[in-house]
Amino acid sequence: NVLFYCSGSITAMPMTSFNPILEQAKHLSIKSGQIDAASFSFIAYENFSSGTMVFNYHDLKVEQVGTKNDDGYLKGKLKTFLLNKFIISDSKKE
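In what follows, the accompanying structure is described. Computed from a prediction, not measured in an experiment: that's the story for all the values here.

Right, let's talk about the pairing of strand E3 (residues 28-45) for a bit. The sheet contact formed by strand E1 (residues 2-10) and E3 spans 8 bridges and is antiparallel. Residue Ile 10 lies in a different strand from E3, and its bridge partner there is Ala 38. Summarising the sheet, E3 and strand E4 (residues 49-64) pair through 14 bridges and their orientation is antiparallel. Along E4, the bridge assignment pairs Ala 38 with Phe 55. Between E3 and E4, which pair antiparallel in sequence order, lie 3 residues.

Okay, structure coming up:
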């Protein structure tokens, strides 16, 4: 049985707007980036959901949150480098 259906969209906005959530939940900080447009729709069932999302963005740069006193500081810097150099790319690149 379908519990509910949800859809929405956003237009251009800075990705740094998500920092209050990401810094607390994922220990990541967005240093730069722009959302061009995003849209989503999904159907929620009792035990799962199914849907689609289109997310167009550019110039995304992230940083692992931490301080120089943290034991994982160097590990965080390495994660930041790997994310920005090898994982994140503009949504329009092939």
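Another aspect to go through is the pattern of salt bridges. Counting across every chain of the model gives 1 salt bridge. Measuring nitrogen to oxygen at the nearest pair gives 3.4 Å for the salt bridge that ties Lys 31 to Glu 63. Taken as a pair, Lys 31 in strand E3 and Glu 63 in strand E4 lie far apart in primary sequence, 32 residues in all. Residue Lys 31 is classed as partly exposed on the basis of its relative accessible area of 48%.

All right, on to unusual backbone geometry then. One non-glycine residue, His 27, adopts positive backbone phi at about 55°. For His 27, the position within the fold is in the loop between helix H1 (19-25) and E3. Since its relative accessible area comes to 44%, His 27 is described here as partly exposed. Positive phi, close to 60°, is recorded for Asp 59, a residue that is not glycine.

For the rest of this paragraph, the subject is the packing of aromatic side chains. Evaluated as defined, the whole model comprises 4 aromatic pairs. Ring centres of Phe 4 and Phe 42 lie 5.9 Å apart, and the angle between their planes is 75°; this geometry places the pair in the edge-to-face category. With Phe 4 in strand E1 and Phe 42 in strand E3, the pair connects residues that are 38 residues apart, well separated along the chain. Here a set of aromatic residues connected by ring pairs shows up, and it is made of Phe 4, Phe 40 and Phe 42.

About the cut-offs
- Residues numbered from 1 in each chain as written.
- Predicted model: local features only at pLDDT ≥ 70, side-chain atom pairs only at ≥ 80, totals over all residues.
- Heavy atoms only, no water.
- Pairing = 2+ DSSP bridges.
- Helix = DSSP H or I, 4+ residues; strand = E, 2+ residues; numbered from the N terminus.
- Salt bridge = Lys/Arg side-chain N within 4 Å of Asp/Glu carboxyl O.
- Buried < 20%, exposed > 50% of the residue type's maximum accessible area, 1.4 Å probe, protein only.
- Phe/Tyr/Trp six-rings, centres within 6.5 Å; stacked < 30°, edge-to-face > 60°.

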